[in-house]
Every structure is written in structure tokens, then in C-alpha cells.
Amino acid sequence: MNEYRIVVDAGHGGSDPGAVSGNLKEKDFNLKAANYMYERFKEMGIPVAITRDDDTSLTRAERLRIMTNTFGNDSKVLVLSNHINAGGGDGAEVVYPLRTDATLPSMILDAIGDKGQIKRKYYQRVLPEDPSKDYYYIMRETPNTTALLIEYGFIDNSKDQQKLQNNLLDYVEGVVEAVAN
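The rules behind each value
Residues numbered from 1 in each chain as written. Predicted model: local features only at pLDDT ≥ 70, side-chain atom pairs only at ≥ 80, totals over all residues. Heavy atoms only, no water. Pairing = 2+ DSSP bridges. Helix = DSSP H or I, 4+ residues; strand = E, 2+ residues; numbered from the N terminus. Axes fitted to C-alpha atoms, helices over the stretch in contact; angles between N-to-C directions. Left-handed = near helix turned anticlockwise from the far one by under 90°. Contact = heavy atoms within 4.5 Å. Nonpolar A, V, L, I, M, F, W, Y, C, P; charged D, E, K, R; others polar. Buried < 20%, exposed > 50% of the residue type's maximum accessible area, 1.4 Å probe, protein only. Arc of directions from axis to C-beta. Phe/Tyr/Trp six-rings, centres within 6.5 Å; stacked < 30°, edge-to-face > 60°. Lys NZ or Arg CZ within 6 Å of the ring centre and 35° of its normal.

Participant: With reference to specific residues and values, describe the pairing of strand β9 (residues 130-134).
Facilitator: Across 2 bridges, the pairing between strand β8 (residues 126-127) and β9 is antiparallel. What sits directly across from Leu 127, in β9, is Asp 130. Count of turn residues in the β8/β9 antiparallel hairpin: 2 residues.

Have a look at this one:
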């Protein structure tokens, strides 16, 4: 694993709250997850950077610049983008780019499941107007990295809300362990 470099992304932030349910904001969960993940990888001696470590707004260009300029834009850079889902479901999901196989996404989802969260699915999503491209810009515009989008649960599901409030860092630790393995 020492040959890999990791960029931890706290999705959304600042003026962009991400998904919201009541007084819960996705950006807050994402920041908590990313800061924990960043510290854990540092403890392990794995080269790691973070896109934001406080509640600031990042433009798309700023986020991408951090992702690709910190360690380069190659296959040994792993981007872990932390998110919380919305839209009427439950459980965790991992989205991975078209250029990557399902091995690591599957391991990550299993690790989150082992920590007690429902395992929903790991999948790829294409851009509707061009199915040869990834839907999410984090994957599409970091073409040589392994960029993964991790959704820990659904902010608009009361059971997932409780799990996220009580167990988020357990799920994140599962991701850290899966990546380290």
C-alpha cells in the first residue's frame, strides 16, 4: 500500500450543504468522515492529502486542482470522496469509475457492512449524453486516478440518520481498513 497516495475528499462544504434533512446537513457528515479518514491514513504512514478540513466552499476547479496536483494524476492516486445520500433509500453505496474494476469498491462496501450498515450496492454511473464517460466529475475529470464516491447512508431515512449520527466513524474506519488491506 505504501506505493499509493490518497486524497481524501469531504464532499460539498461552505455554502453548499449537499443533501439536507431537518437540521442535518450532508457537508457536516462528510467533513467528520474525511477528517477522521485523513488522520487515520497519516497514522498509518500512508501519503495522504485532504481537499478541505473545515467548512469552506471549494469550487469544482479548486477541488480538482487539489485532487490532481497534490500527488499527480496517475493510477497510484486513490481519491476517496465522502458523501451522504438522499432520495428515499437506505444503506451504503460505493460508486466507482468506468476505468476501474470492482475489487476495491466491493471490499469497501463489505467493510462498511461489517461495521453494521446495510450494504446497498457498488456500481458505475455513466453520463447520459455520453455513456463512454463517468457521470460524476470527480471521476470524469481525474482520468488517471482511482476515484471512489462513498455514500455512507441516506440523510432522509430516519433509521440511517440514527446510524450516521451514532456510527459514522465506525463505517469510515471500515473504509480505512479495506483500503489499507
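Participant: With reference to specific residues and values, describe the packing of helix α1 (residues 26-43) against helix α5 (residues 158-180).
Facilitator: Between α1 and α5, whose axes approach to 10 Å, the crossing angle comes to 40°. Remark: the crossing between α1 and α5 carries right-handed chirality. Residues Phe 29, Lys 32, Ala 33, Tyr 36, Met 37, Arg 40 and Phe 41 of α1 form the contact with α5, whose participating residues are Leu 164, Gln 165, Leu 168, Leu 169, Val 172, Glu 173, Val 175, Val 176 and Val 179. Classifying every residue of the contact of α1 with α5 gives 12 nonpolar, 1 polar and 3 charged.

Participant: Would you mind going over helix α2 (residues 60-69) in detail, with residue names and values included?
Facilitator: An α-helical segment advances 3.6 residues per turn. Residues three or four places apart therefore align on the same side. If you check which residues of α2 are buried, you get Arg 63, Leu 64, Met 67 and Thr 68. Looking down the long axis of α2, one finds its buried residues gathered within 115° of arc, a one-sided arrangement.

Participant: Give me the lowdown on the packing of aromatic side chains, citing residues and values where you can.
Facilitator: Within this structure, the stated rule accounts for 2 aromatic pairs. Ring plane angle 45° and centroid distance 6.4 Å describe the contact between Tyr 96 and Tyr 122, whose orientation is recorded as tilted. Taken together, the residues Tyr 96 in the loop between β6 (92-95) and α3 (103-114) and Tyr 122 in strand β7 (residues 119-123) connect sequence positions 26 residues apart. Judged by its relative accessible area of 10%, Tyr 96 falls in the buried class. On the accessibility criterion, Tyr 122 (37% relative accessible area) is partly exposed. Ring geometry for Tyr 135 versus Tyr 136: centroids 4.9 Å apart, planes at 85°, classification edge-to-face. When its relative accessible area of 31% is taken as the criterion, Tyr 135 is described as partly exposed. Here the guanidinium or amino end of Lys 121 rests over the ring plane of Tyr 123, the centre of that ring lying 4.5 Å away. A cation sits over an aromatic face here: Arg 125 above Tyr 135, 3.6 Å from the ring centre.

So far we have only geometry, and geometry alone does not tell us how the molecule works.
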